[in-house]
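# Analysis of the macromolecular model
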2 protein chains.
Amino acid sequence: MADKKVEAITSMEEDFAQWYTDTVVKADLTGYTSVKGFMVLKPAGYAIWELIQKQLDARFKETGVENVYLPMLIPEGLLQKEKDHVEGFAPEVAWVTHGGLNELQEKLCVRPTSETLFCDFYQKDITSYRDLPKVYNQWCSVVRWEKETRPFLRSREFLWQEGHTAHATAEEAQERTIQMLNVYADFCEQVLAIPVVKGQKTEKEKFAGAVATYTIEALMHDGKALQSGTSHNFGDGFAKAFGVQFTDKDNQLKYVHQTSWGVTTRLIGAIIMVHGDNNGLKLPPMVAPTQVMIIPIQQKKEGVLEKAEELRERLAKVARVKVDDTDKSPGFKFAECEMRGIPLRVEVGPRDIENNNCVLVRRDTGEKITISMDELEAKVEELLVTIQKDMLEAARAHRDSHTFTATTWDEFVDTVNNKPGFIKAMWCGETECEENIKAETGATTRCMPFEQEHLSDVCVCCGKPAKKMVYFGRAY
Amino acid sequence: MADKKVEAITSMEEDFAQWYTDTVVKADLTGYTSVKGFMVLKPAGYAIWELIQKQLDARFKETGVENVYLPMLIPEGLLQKEKDHVEGFAPEVAWVTHGGLNELQEKLCVRPTSETLFCDFYQKDITSYRDLPKVYNQWCSVVRWEKETRPFLRSREFLWQEGHTAHATAEEAQERTIQMLNVYADFCEQVLAIPVVKGQKTEKEKFAGAVATYTIEALMHDGKALQSGTSHNFGDGFAKAFGVQFTDKDNQLKYVHQTSWGVTTRLIGAIIMVHGDNNGLKLPPMVAPTQVMIIPIQQKKEGVLEKAEELRERLAKVARVKVDDTDKSPGFKFAECEMRGIPLRVEVGPRDIENNNCVLVRRDTGEKITISMDELEAKVEELLVTIQKDMLEAARAHRDSHTFTATTWDEFVDTVNNKPGFIKAMWCGETECEENIKAETGATTRCMPFEQEHLSDVCVCCGKPAKKMVYFGRAY
């Protein structure tokens, strides 16, 4: 961990929750509003979301996804059509009861998610196998009436994407469910530098109305897990509730099979808690709105600002770059770069200019590198790639060194209490054991990973024959 | 106008409103929902909005705009702080009265626009001249409880961007107001191929709470006007209502000066009604999701589909291109290309392959051009530029030939009734005359154009001394 240079941020070892809040504030990511439980995404925060959106959307489109936009309000009758779904969401929606000056005949909820609207739309839009598959997605915001809120992790409104697909066969729906989970996992690793565990949620933890829910789980710096994206296979349950049918090639009327999948601005919370340190935010270059900050030293001396601007113009061809030419001191600017997580800082002053040098400082390691100005573009380009790679490796090393196994109950309890992280353990498959484990330790089943291991023959909780290896953990 | 090839679309001469509806349906831009007054933006419609968003956002950012995201719900107390504003919007908002299972202590409206939220945010975020200017924008949807709705032109929810800025001086706010109006006007001309008239709204037509509202007005094919974008200068009215103050360089506490500006999915309605013809939609290449459609002729013959795919790969380097290899007939595919407004169609069949030729067909003029396959990329690239330019010129010619002047009341009434289009006329500046003109002819003041002409000394309505030349017209 780099030396602590920023006094305004509480140490994560002292109080991780306070460290998180301080980091969000000092990086200027969000702002407060008079609307309780809602947040403002400020430019520095929203720009990260824009970079996520752009790169993830491109990956979606490579797999044939098309974007659409559906209404933000859902009539009560539509929400109620699928029994499990309404039970899951009705307690946490916001209701519109008046439109203009009149009371509505049927109240409308602000969408908490749009399965019901997509079903309603597909029911009208799909008639033949020729209309399938539908592989639609929308970028929007949703509202869920949470009691406790924290920036990015839990708020009454958040930005997300929700993909909703309809297929002719169960196999095709299952394939798409896993395909999108893989898109998420690759995106997290390659773009956000966050390694994830891929697996299936248990019956207890699956989405309201789904046949199966798949998840990517990431490990935060404090050893807690964060569910970072989910992909659901609905089978034909929603189709039956909404009458979404098509005439197949064999002239038979059949129900479609559906999926949905989503990630949210929560991913920004994951970036903060996976990569951040006691000096603040640390952004992977691929989602850093500013990748390089040039800081002129003794900027009032002749030629310094001109040189900084010249370097900016050169670097603009290979990176997102800015010059900080405000009247703050260099030390203050350095600290701001740290807090805001800018991957690379370039220092250039009169002596550097004389020697045709400049100094590069990596945010991830604190390493200082003096280079010839002639090799600036090449070196910066190379370093941004290196930082991206090293950040993933550092996160993976942290994750791996905080992943434990437990084969006995005592070992399990000891690990939960003393070694924050993932715990791999065998499980009998019964919800009762899941609930007992949660009640006694606070750890929940994160997922049944695709990569199964055989740790023992019996459930870590009840001792009955084990069916699955599960990742457990305390979670956000 | 091209020959009518598509029977499914009503002629615009017969029934323009029905032509519009048919065109929207046949181009597959929107879909119906069970949510009254709301629409679905289908892939073909949403993709146009994505292209608008991408290109407009880039132009915003060149002027220093930063994107943010604010809550979608506004507490009643916040909405009421600025008197004119709440009077303008309260009658048409949707109210959330319940969150989760509880009734809210204070009801919240779904944002119809976000001036009040930005003021609330700026009040907390701005303290010093160093914090200024704030040049923020958000892309989102808003809700207004309209009674009558039409796709793109008027619906209870629509997508838009809303820019909100805060400045230290009145001059700077006025400069930004006009700067953004110019961004909109250039964008409409250069990207949407729609010429616009720039000017100021009258007192009667200005935005609720603004000191001055500026507008771009476009002329549709039926001679009606469409307000296509607005930019408002608020002076310090909102700042005073919300207490948005800063300490200036001279150590005095001052109110900020604010602006806001927006365009909506209405622009898609403008594209349809400015460029469309009796065969359907006609998209300017710069906002056409598919710019070139390759249609294989006798596609079952050996080598035809392979050649079509080869041409697609070559063209993908210079254009957004697809192959229609479905089992529909070529004639059907041609008609679909027309209806969907795809700017350029490439036909390639066995004889073309033998001759190393292919046929290009322009959507805007219907012109067929046989070219050697060797010059395909160059010719397509060149033609897309030509089509973009020619569409703007055609729209400008239509607009100019449907812009009339009237210096007497009889002439004015005759023009409104018999020559659909803009009418330039002199006006005394009194709201009473504006209201009389509207009551008697249905024409409203579109704007007081920046380019003033002196048509006569007296108001076309009351005969008193004229103050301004005004564009009048019937409008959407």
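To be clear, the structure that these remarks concern was listed above.
Because the structure is a prediction, the values reported are computed rather than measured. (Residues numbered from 1 in each chain as written. Chains lettered and ligands numbered in written order. Predicted model: local features only at pLDDT ≥ 70, side-chain atom pairs only at ≥ 80, totals over all residues. Heavy atoms only, no water.)

## Digging into helix H12 (residues 376-401) of chain B
It helps to recall that an α-helix has 3.6 residues per turn; residues three or four apart then point in one direction. Applicable threshold: Comment: elements are numbered from the N terminus, with helices defined as DSSP H or I runs of at least four residues and strands as E runs of at least two. Helix span is expected to be 1.5 Å times the residue number reduced by one. Relative accessible area decides the class of each residue, using a 1.4 Å probe on protein chains only: under 20% of the type maximum gives buried, over 50% gives exposed, and in between gives partly exposed.
Under the 1.5 Å per step criterion, the end-to-end length of H12 of chain B is 36 Å for 26 residues, consistent within 8% with the ideal 38 Å. For H12 of chain B, every residue scored as buried is listed here: Leu-376, Val-380, Leu-383, Leu-384, Ile-387, Gln-388, Met-391, Leu-392, Ala-395, His-398 and Arg-399 of chain B.

## Section: the packing of aromatic side chains
Put simply, the test is: Ring geometry is summarised as follows: Phe, Tyr and Trp rings, the Trp one being its six-membered ring, pair when their centres sit within 6.5 Å, and such pairs are stacked at plane angles under 30 degrees, edge-to-face over 60 and tilted between the two. Lysine NZ or arginine CZ positioned within 6 Å of the ring centre and within 35 degrees of the ring normal marks a charge as sitting over the ring.
Under the counting rule described, the total for this entry stands at 38 aromatic pairs over all chains. Ring centres of Phe-89 of chain B and Phe-207 of chain B lie 5.6 Å apart, and the angle between their planes is 55°; this geometry places the pair in the tilted category. Here Phe-89 of chain B is found in helix H4 (residues 83-89), whereas its partner Phe-207 of chain B is found in the loop between strand S9 (197-200) and strand S10 (212-219), with 118 residues between them in sequence. This pair shows no difference in class: Phe-89 of chain B is buried, exactly as Phe-207 of chain B is. Each member of the aromatic cluster is reached from another via a ring pair, and the members are Trp-49, Phe-60, Trp-139, Tyr-184 and Trp-261 of chain A. In this arrangement the basic side chain of Lys-107 of chain A is found over the ring face of Trp-95 of chain A, its NZ or CZ atom lying 4.3 Å from the centre.

## Examining the interface of chain A and chain B
Condition: In this analysis, two residues are considered to be in contact whenever any of their non-hydrogen atoms come within 4.5 Å of each other. The term buried area means the drop in 1.4 Å probe accessible area that two parts suffer when joined, counted for both and summed. Any Lys or Arg side-chain nitrogen located within 4 Å of an Asp or Glu carboxyl oxygen qualifies as a salt bridge. Pairing of N or O atoms within 3.5 Å defines a polar contact, subject to two protein rules: one partner must be a possible hydrogen donor and the other a possible acceptor, and residues neighboring in sequence count only if both atoms are side-chain atoms. Only Asp, Glu, Lys and Arg are considered charged, only Ala, Val, Leu, Ile, Met, Phe, Trp, Tyr, Cys and Pro nonpolar, and every remaining residue, Gly among them, polar.
Of the residues lining the interface, 49 residues belong to chain A; the matching set on chain B comes to 49 residues. When chain A packs against chain B, the two sides together hide about 4,300 Å² of surface, and 64% of this comes from carbon and sulfur. Summed over the three residues of chain A that lose the most area to chain B, namely Pro-43, Tyr-69 and Met-72 of chain A, the buried surface amounts to 15% of that side. Our enumeration of links across chain A and chain B arrives at four salt bridges. In this structure, Glu-50 of chain B engages Lys-61 of chain A in a salt bridge whose closest nitrogen and oxygen atoms are separated by 3.1 Å. Along the contact surface separating chain A from chain B lie 25 residue pairs in polar contact (both at pLDDT 80 or more). The dominant element in the side of chain A that touches chain B, judged by the number of residues it contributes, is strand S5 (residues 94-99) of chain A, at six residues. Here the side of chain A that touches chain B is composed, by residue class, of 30 nonpolar, nine polar and 10 charged.

## A word on the side chain of His-164 of chain B
Residue and element names in this part refer to chain B. If you trace the backbone, His-164 turns up in strand S8 (residues 157-167). The class of His-164 is buried, set by a relative accessible area of 3%. There is a polar contact of 2.8 Å between the side chain of His-164 and the side chain of Glu-162. Dropping the residues within four chain positions of it, His-164 is found in contact with Ser-114, Glu-115, Phe-118, Tyr-122, Lys-134, Val-135, Tyr-136, Thr-259, Ser-260 and Trp-261.

## Section: the relation of the copies chain A and chain B
Formally: Overlaid copies result from least-squares superposition on C-alpha atoms, with residues included only where pLDDT is at least 70 in both.
For the pair chain A and chain B, the relating rotation is 180°, the translation along its axis is 0.0 Å, and the fit reaches an RMSD of 0.0 Å. Look at the turn and shift together and you get a two-fold axis relating the two. By C-alpha distance to the rotation axis, the residue of chain A lying nearest is Val-96 of chain A, at 2.1 Å.

## Things to note about the pattern of salt bridges
Residues and elements named next belong to chain A. Overall, the coordinates contain 66 salt bridges over all chains when judged by the stated rule. Note that Arg-446 is salt-bridged to Glu-217, the shortest N-O span being 2.9 Å. With Arg-446 in strand S22 (residues 444-449) and Glu-217 in strand S10 (residues 212-219), the pair connects residues that are 229 residues apart, well separated along the chain. By relative accessible area, Glu-217 is classed as buried at 1%.

## Brief notes about the sheet that holds strand S6 (residues 102-110) of chain A
Applied cut-off: When DSSP finds two or more bridges between two strands, those strands count as paired. Structural elements are reduced to axes, namely lines fitted to C-alpha atoms, with helices fitted over the stretch in contact, and the angle between N-to-C directions of any two is expressed from 0 to 180 degrees.
Sheet architecture is open: six strands sit in the order S4(A)-S6(A)-S5(A)-S5(B)-S6(B)-S4(B), paired in antiparallel fashion. In the strand order of this sheet, the two ends are held by strand S4 (73-75) of chain A together with strand S4 (73-75) of chain B, each with one partner. Pairs of neighbouring strands in the sheet enclose a mean axial angle of 45°, with direction left out of account. Both S5 of chain A and S6 of chain A contribute to a ladder of four bridges, which runs antiparallel. Looking across to S6 of chain A, one finds that Gly-99 of chain A is bridged to Asn-102 of chain A.

## Some remarks on empty space enclosed by the protein
Vacant regions in the atomic arrangement are exposed by a probe of water-molecule size rolled over the atoms. Our working rule: Site definitions follow a grid-based scheme: protein atoms alone, a 1 Å grid, a 1.4 Å probe that fits but cannot get out for cavities, and for pockets an open set with protein on both sides within 12 Å along at least five of seven lines, plus lining residues having an atom within 4 Å of a point. Grid points are joined across faces, edges and corners, and a volume is the space filled by probe spheres set on the points.
One pass over the full model with this rule turns up eight cavities of 30 Å³ or more. Considering only enclosed or pocket space, the largest cavity measures out at about 80 Å³ in volume. As for the largest cavity, its lining consists of Tyr-69, Leu-70 and Pro-71 of chain A together with Phe-38, Met-39, Val-40, Leu-41, Glu-157, Phe-158, Leu-159 and Thr-265 of chain B. Only strand S2 (40-41) and S8 of chain B provide two or more residues apiece to the lining of the largest cavity. Ranked by residues supplied to the lining of the largest cavity, first place goes to S8 of chain B with three residues. Residue composition of the lining of the largest cavity, grouped by class: nine nonpolar, one polar and one charged. For the second largest cavity, the calculated volume is near 60 Å³.

## Overview of the sheet that holds strand S18 (residues 357-362) of chain A
Residue and element names in this part refer to chain A. Pairing is mixed across the open sheet formed by five strands, whose spatial order is S16-S15-S17-S18-S19. Of all strands in the sheet, those bounded by a partner on one side alone are strand S16 (321-323) and strand S19 (368-372). Taking the axes of each pair of neighbouring strands and ignoring which way they run, one obtains an average angle of 25° across the sheet. Judged from the three bridges that link them, strand S15 (residues 292-296) and S16 form a sheet pairing that is parallel. Along S16, the bridge assignment pairs Ile-294 with Val-323.

## With respect to the state of the cysteines
To keep it simple, the criterion reads: Note that a disulfide, as used here, is simply two cysteine sulfur atoms within 2.5 Å.
Overall, the coordinates contain zero disulfides over all chains when judged by the stated rule. Just so you know, Cys-140 of chain B is unpaired, no disulfide at all, and the nearest cysteine sulfur is the one on Cys-140 of chain A, 12 Å from it. For Cys-140 of chain B, a relative accessible area of 8% puts it in the buried group. There is no disulfide at Cys-462 of chain B, and the cysteine sulfur nearest it, in Cys-433 of chain B, is 3.5 Å away.

## Considering a positive patch on the surface
Where we set the bar: Surface patches are defined over residues having more than 30% relative accessible area and no salt bridge, joining like charges when they lie within 9 Å and nonpolar side chains (Val, Leu, Ile, Met, Phe, Trp, Tyr) when within 5 Å. Surface accessibility in these figures is a Shrake-Rupley result with a 1.4 Å probe; residues are shielded only by whichever protein chains are displayed. The charged-residue count follows a simple rule in which Lys and Arg add positive charge and Asp and Glu add negative charge, with His and chain termini not counted at all. Lys charges are placed at NZ, Arg charges at CZ, Asp charges at CG and Glu charges at CD.
On the surface, Lys-54 and Arg-320 of chain A together with Lys-54 and Arg-320 of chain B cluster together into a patch of positive charge. Summarising the element assignment, Arg-320 of chain A is placed in the loop between helix H9 (304-315) and S16.

## Quick word on the environment of Ser-141 of chain A
Topologically, Ser-141 of chain A is positioned in strand S7 (residues 134-143). Separated by 69 residues in the primary sequence, Ser-141 of chain A and Met-72 of chain A place their C-alpha atoms 8.4 Å from one another. Not counting residues up to four positions away in its chain, the partners in contact with Ser-141 of chain A are Arg-111, Glu-157, Phe-158 and Leu-159 of chain A together with Tyr-69 and Met-72 of chain B. Only 2.7 Å separates the side chain of Ser-141 of chain A from the side chain of Glu-157 of chain A, close enough to count as a polar contact.

## Some remarks on the packing of helix H9 (residues 304-315) of chain B against H12 of chain B
Residues and elements named next belong to chain B. Note the threshold: Every angle not falling under 35 degrees, over 145, or within 65 to 115 is termed oblique; those three ranges are roughly parallel, roughly antiparallel and roughly perpendicular. Left-handed describes a crossing in which the near helix is turned anticlockwise from the far one by less than a right angle; the clockwise case is right-handed.
Put simply, H9 and H12 touch, their axes get as near as 10 Å, and they point 60° apart. With respect to their mutual orientation, H9 and H12 come out oblique. Considering only the axes of H9 and H12, their crossing is right-handed. Touching Leu-311, Arg-314 and Leu-315 of H9 are Leu-376, Glu-377 and Val-380, all from H12.

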